[in-house]
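Okay, here's what each chain looks like letter by letter:
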Amino acid sequence: MIVDQIAINLKRITDIVPCHRMKSRSLTINGYTLPLCARCTGILAGYLFFPFFLILNLNFPLWLGIVLNLPMVIDGWTQKRKYRISNNSLRLSTGIVSGLGQSMIIVSVSQKIISIFL
């Protein structure tokens, strides 16, 4: 009963994520296919670093967050242009790195905004 409720709540959360949800590009764990593609799953996993960056008050240069997004952009762009075929492991790993980079960007920009007002 509790597991079913958790699954329903997770589905509601993932419904707001803009993802193509192609099953062939989604991860399958113990026969269950995740509702998001591997890349979006990786990005969301990378966002898990965000609270730690805030709590530990870590300072990152803005350029580092931008650079960490490049592997995902390159992977997606070269796949879209049919220069090569990507795979779910690469999509997941570049997604995690991108989510980490996005977290760094958000923390960096937030710290700059807060320092202006305080």
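Residues numbered from 1 in each chain as written. Predicted model: local features only at pLDDT ≥ 70, side-chain atom pairs only at ≥ 80, totals over all residues. Heavy atoms only, no water.

Considering the packing of aromatic side chains
Pairs of aromatic rings are described using the distance from one ring centre to the other and the angle between the two planes. All told, the structure shown has three aromatic pairs when counted by the stated rule. Here F49 and F53 contribute two aromatic rings whose centre-to-centre distance is 6.2 Å and whose plane-to-plane angle is 20 degrees, an arrangement assigned as stacked. Owing to a relative accessible area of 8%, F53 belongs among the buried residues under this scheme. Their ring planes at 65 degrees and their centres at 5.5 Å tell us that W77 and Y83 sit as a pair that is edge-to-face. Given the relative accessible area of 52%, Y83 is considered exposed. (Phe/Tyr/Trp six-rings, centres within 6.5 Å; stacked < 30°, edge-to-face > 60°. Buried < 20%, exposed > 50% of the residue type's maximum accessible area, 1.4 Å probe, protein only.)

Digging into the side chain of R91
In this fold, R91 is placed in helix α5 (residues 88-117). Here Q79 takes part through its side chain, which lies 3.3 Å from a polar atom of the side chain of R91. When near neighbours in sequence (up to four residues on either side) are disregarded, R91 contacts R25, A38, R39, D75, Q79 and S86. (Helix = DSSP H or I, 4+ residues; strand = E, 2+ residues; numbered from the N terminus. Polar contact = N/O pair within 3.5 Å; in protein donor to acceptor, adjacent residues only side chain to side chain. Contact = heavy atoms within 4.5 Å.)

Functional significance is not addressed by these values, which are geometric in nature.
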